[in-house]
There are 2 protein chains.
Amino acid sequence: MVTIRDVAKKSGVSVATVSRVLNANGYVHEDTRKKVMAAVDELKYSPNEVARSLYKKKSKLVGLLLPDITNPFFPQLARGVEDEMQKGGYRILFGNSDENAEKELDYLNTFTQNNVVGIISATNNKAKNNYKNLSIPVVFLDRTSSDYPSVYADGKEGGRIAAEEIVKRGSKRITILKGPAHIQPAQDRFQGALEVLSQSNIDFHVMSTTSFAFEDAEKWAKELFATYPDTDGVLASNDIVATAVLHEALRLGKSIPDELQIIGFDDIPQSSLLFPSLSTIRQPAYEMGKEAAQLLVKIINQEKIQQQQVQLPVTFIDRNTTRKVDTNG
Amino acid sequence: MVTIRDVAKKSGVSVATVSRVLNANGYVHEDTRKKVMAAVDELKYSPNEVARSLYKKKSKLVGLLLPDITNPFFPQLARGVEDEMQKGGYRILFGNSDENAEKELDYLNTFTQNNVVGIISATNNKAKNNYKNLSIPVVFLDRTSSDYPSVYADGKEGGRIAAEEIVKRGSKRITILKGPAHIQPAQDRFQGALEVLSQSNIDFHVMSTTSFAFEDAEKWAKELFATYPDTDGVLASNDIVATAVLHEALRLGKSIPDELQIIGFDDIPQSSLLFPSLSTIRQPAYEMGKEAAQLLVKIINQEKIQQQQVQLPVTFIDRNTTRKVDTNG
DNA sequence: CTTAAATGTGTAAACGGTTACATATTAATT
DNA sequence: AATTAATATGTAACCGTTTACACATTTAAG
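What comes next concerns the included structure.

1. Description of the protein's contact with DNA strand D
The full set close to DNA strand D counts 29 residues, and Y27(A), K57(A), R5(B), S19(B) and R52(B) are the nearest of them. Of everything in DNA strand D that lies within 4 Å of the protein, sugar and phosphate atoms constitute 62%. The contact in question runs from a phosphate oxygen of DNA strand D to an N or O atom on the side chain of Y45(B), over 3.0 Å. A distance of 3.2 Å separates a sugar or linking oxygen of DNA strand D from a polar atom in the side chain of Y55(B). Of the residues contributing to the surface near DNA strand D, the split by class is 13 nonpolar, 10 polar and six charged.

The structure is reproduced here in C-alpha cells:
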C-alpha cells in the first residue's frame, strides 16, 4: 500500500505539504504542488479513507436501512438515495432489517462504529428509541415522524383518492385490503380509504393482511374471493397484493375491469406490464429516496432546513384495472 | 464518544487489557475480565471499527457492486449476499455501476479506500483490468470468468432447455430475442438456444435488443409483433422482456399459450404473479448470492478452495405461457 | 527449593491520515 | 529601512484501536 509518506518522500516534501495539496488546504507553492501531484500520479496514490475518518471522526459513508430490498418498492428508493448521495461524494453502507428490531439495532451499531455521517432508515419498527441516543443525523424514509426529519408520500390522501376513484367508476361492493398493522404507511392508506367509504353509502368490507410478501399475497387473494365472492372493487394495500388479486380474479374467469376493478398502491415498475395493466396510486419512490438524501446532506452540512418533514404527493395512475370514467359528467 | 481509554480508566486497568478482554486475546484474569465487562456495559462502550480497521489494515466490510438494483433480478442476488455476509459479521458497502466503467472504477476505489476485505461484483464490463491490480479478493457474480473466482448459472444450458421445451411443445416459428451484446450471460442464453434451434428444422428469427430496462421492453415487444406477426414462440432474453411480450401479445388479442408460447429467463418473483403466469428458466438468484458470499469469505479466510468457478444449475419452470406437453409420449 | 513455564498486566509504538504550532522566507505597507 | 502581513513548509501530536515487548507473579516440574 502506498501512503502519504511515500508520496512525501518521492516529492521531497513533508507529509503535511502533501496533505495540503491533496485537500487544497492552506498555502502551497505552485511548483511543489506540481511535484506532489506528479508523485501522486506516479505512485498511483489514493488516500486511505479509514485514516482520514479516524482523525476527522467522520467518514463519507451513510447508512441505509431498508426493510427488504427484495420488496419491489424499495429498489427505487435505494436508487434515489444512492444517486443523490453519489453526487455529494457519499457512499452507502447498506442493510435489510426485515422489520426486526434486533437486526435493526445491529445495523445501527455497525453504522456508528463505522463513523457514518448520517443514516436513512425506512423501517417501521416501534423501537424508535434505537435512534434516540444516536449522535448522527437520521432521516426516516417512507415513514411519518413528527420528532425526526422524514420524507414520505401522502398515504392517507392516496387512500382517499383510491376510494374516490373506484367509487366514481361504479364499484358497489368494495373490499379494502388492510395491510400489516405495524406498517404505518399501510394504515394511513387504509384510513384514507375508510374515511371516504364510510361517508359514502357504498357497501364495503375490510380484510386484514399481515405481510407484503409475494408468497403470502396469493393466499390473501384466494381468501378474498372465497370470503367475498361478489366483491366488485378491490382497494389493495400495495401493488404486490393487487397483482395477486388480479391474478386470482383472472384465474376465476372474472372480467376485468367490467366485473371487478382493482386499484393498487405504490406503482412498482412491473405494474404497467401486467395485463391488464394495473391502475394504482403512485408513490414517487425514486424521488422520495432523492429527497431523503438531499435532506440528510443538508442536515450534515448544518444548512438551515425549512421543513423537517417532507411530504410528497401521490397520484392516481389510471390504467386498465379500472373502467374509464364518464368524462362528460 | 466513549473510547477504550474510558473503559480502561473506569475499570482500573490498561487499554491493552481492555482490548484483550474484548478480543478474547492473550491472558486475562477472570476477575479483571468481569470488571472490564462491567465497565463496558455501564459506559455502553462499543469499539470503533474505523480505528480497528486502520491498525489491522482490514475491515469487516465487503464491497458489492451491481449493475442496477432496480432491475428485479438483482435484489435477490443482493439479499443472498447480504444474508450470508451478515452471518460472518461482514457488512455491505453497496454501489450501482450502470455497467459504466467510470462508475465502476469509482466504486472500486471507494471500496479499497475503505479497507474492504473483499469485493463481489456482478458487472459485465469489458474493463476487467480495473480488477487487475486490486490486492483484495474479488468474486464475480452472474458472470463467467476463467481467471477469477466466480459464480454464475449455466446460461447456455438454460438457453438450450428453453429452446428444447418450446420446440417440444410445438412452436414452429420461433423468435429468439437476443439480449445486449455486452452482457455475457445474455449471450450464453442466446448461444444455447441457437445451438438447439440450428440443429432442428424449425424456422426461427433472431431479434436483437440492447437493454433490459422496463421502458425499452415494451418497445421491443411491439417491434417484435410488427416484424414477425406470425411468430408462435418467443424465447425472451429475460423475464422483463418476456413480460412485455406477454403484455403486448394479450393486447393484440393473441391467445396464450395456444397461439403463442413464451419462455422467459431468470424467474424474477413477479413472474409467477402474471396472468397467465410466465414459464421461464429459473436462475437461483438468492442461492447465487449466497454462494458468492461463501466463496468470498473462504478466500478471505485463506481456506482451500476446490472450485474457483461455481456454476449453478438452471431449471425450467413450467407455468402457463407454455402448453402442457404430452406426458405419455 | 530452584528453575522453567504459564499466566497476567502495562507501556509504547504502530496504523495513515490531518492539523496546530513553529519557523522561515517573501511581499506589502508605512 | 523597519515593520507587518502573506506565503510556504516542516515537526509532532492526535484520532482509537491492536499488539510487540517487557516485566511481574503464579504455577508446575525436577
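2. So, the nonpolar core
Formed by 151 residues in total, the largest nonpolar core has its most connected members in M85(A), L235(A) and L235(B). Excluding residues within four positions of it along the chain, L235(A) makes contact with A162(A), A163(A), I166(A), I174(A), T175(A), I176(A), L177(A), A193(A), L197(A) and I263(A).

3. A closer look at the pattern of salt bridges
Side chains carrying opposite charge are able to pair once their charged atoms draw close together. Following the criterion strictly, the structure yields 48 salt bridges over all chains and no others. Residues E30(A) and R33(A) are paired through a salt bridge, measuring 3.2 Å at the closest nitrogen-oxygen approach. Placement of the pair is E30(A) and R33(A) together in helix α3 (residues 30-43), with a separation of three residues, close to one helical turn. Residue class for E30(A) comes out partly exposed when judged on its relative accessible area of 37%. The exposure class assigned to R33(A) is partly exposed, which follows from its relative accessible area of 31%. The closest approach of N and O atoms between D98(B) and R79(A), which form a salt bridge, is 2.6 Å. Of this pair, D98(B) sits in the loop between β2 (91-96) and α6 (101-113) while R79(A) sits in helix α5 (residues 74-87), each in a different chain. With a relative accessible area of 7%, R79(A) lands in the buried category. What you see here is one network of salt bridges that share partners, running through D68(A), D98(A), K103(A), R79(B) and D83(B).

4. Remarks on the interface of chain B and chain A
Facing 48 residues of chain B, the contacting portion of chain A comprises 48 residues. When chain B packs against chain A, the two sides together hide about 4,600 Å² of surface, and 58% of this comes from carbon and sulfur. Broken down residue by residue, the surface that chain B buries against chain A is led by R79(B), L273(B) and F275(B), which jointly contribute 16%. Applying the counting rule to chain B against chain A returns six salt bridges. One can count 30 residue pairs in polar contact (both at pLDDT 80 or more) joining chain B with chain A.

5. Some remarks on helix α4 (residues 49-56) of chain A
Buried within α4(A) are the following residues: E49(A), V50(A) and S53(A). Buried residues in α4(A), looked at end-on, bunch into an arc of 100 degrees, giving them a common side. Packing partners of the buried residues in α4(A) comprise α4 (49-56) and α6 of chain B.

6. Some remarks on helix α1 (residues 4-11) of chain A
Residue and element names in this part refer to chain A. Turning to α1, its buried residues are V7, A8 and S11. Mapping the buried residues of α1 onto a view down its axis gives an arc of 100 degrees, with all of them on the same face. Those residues of α1 that are exposed and angled more than 90 degrees off the buried face are R5 and K9. On the buried face of α1, the contacting elements are α2 (15-23) and α3. Backbone nitrogen of R5 and a side-chain oxygen of the N-cap are separated by 3.1 Å at the start of α1; the cap is T3. Once α1 ends, the next one or two residues include G12, with phi positive near 70 degrees.

7. Quick word on the relation of the copies chain B and chain A
The two copies are related by a screw motion: chain B maps onto chain A through a turn of 180 degrees and a shift of 0.0 Å along the axis, at an RMSD of 0.1 Å. The superposition of one copy onto the other is thereby described by a two-fold rotation axis. Relative to the rotation axis, the C-alpha of L93(B) is the closest in chain B, positioned 2.3 Å from it.

Reading the values: the criteria
- Every chain is numbered independently, its residues counted from 1 as its sequence is written.
- To read the labels, note that chains go from A and ligands from 1, taken in the order they are written.
- Thresholds applied to this predicted model are a pLDDT of at least 70 for local features of residues and 80 or more for the giving and counting of side-chain atom pairs; totals over whole chains, interfaces and linings are not thresholded and use all residues.
- With hydrogens and water stripped out, all remaining heavy atoms of the structure feed into the side-chain values.
- One heavy atom within 4 Å of a molecule or strand makes the whole residue count as near it.
- Between N or O atoms, a polar contact is any pair within 3.5 Å; within protein, one atom must be a potential hydrogen donor and the other a potential acceptor, and residues adjacent in sequence are included only when both atoms are from side chains.
- Only Asp, Glu, Lys and Arg are considered charged in this grouping, and only Ala, Val, Leu, Ile, Met, Phe, Trp, Tyr, Cys and Pro are considered nonpolar; every other residue, Gly among them, is considered polar.
- The definition of a nonpolar core used throughout is a set of buried Ala, Val, Leu, Ile, Met, Phe, Trp, Tyr and Cys residues joined through side-chain atoms within 4.5 Å.
- With a 1.4 Å probe rolled over the protein chains alone, any residue whose accessible area is under 20% of its type maximum counts as buried; one over 50% counts as exposed, and the rest are partly exposed.
- Contacts are assigned to residue pairs that have any heavy atoms within 4.5 Å of one another.
- The salt bridge definition used is simple: a Lys or Arg side-chain nitrogen within 4 Å of an Asp or Glu carboxyl oxygen.
- A run of H or I in DSSP becomes a helix once it reaches four residues, and a run of E becomes a strand once it reaches two; helices and strands are each numbered from the N terminus.
- Once two parts are brought into contact, the accessible area they lose, counted with a 1.4 Å probe and summed over both, makes up the buried area.
- Each C-beta atom gives one direction from the helix axis, and the arc is the one those directions make.
- The superposition of copies rests on a least-squares fit of C-alpha positions from residues with pLDDT of 70 or more in both.

Coordinates in, geometry out; function isn't part of it.
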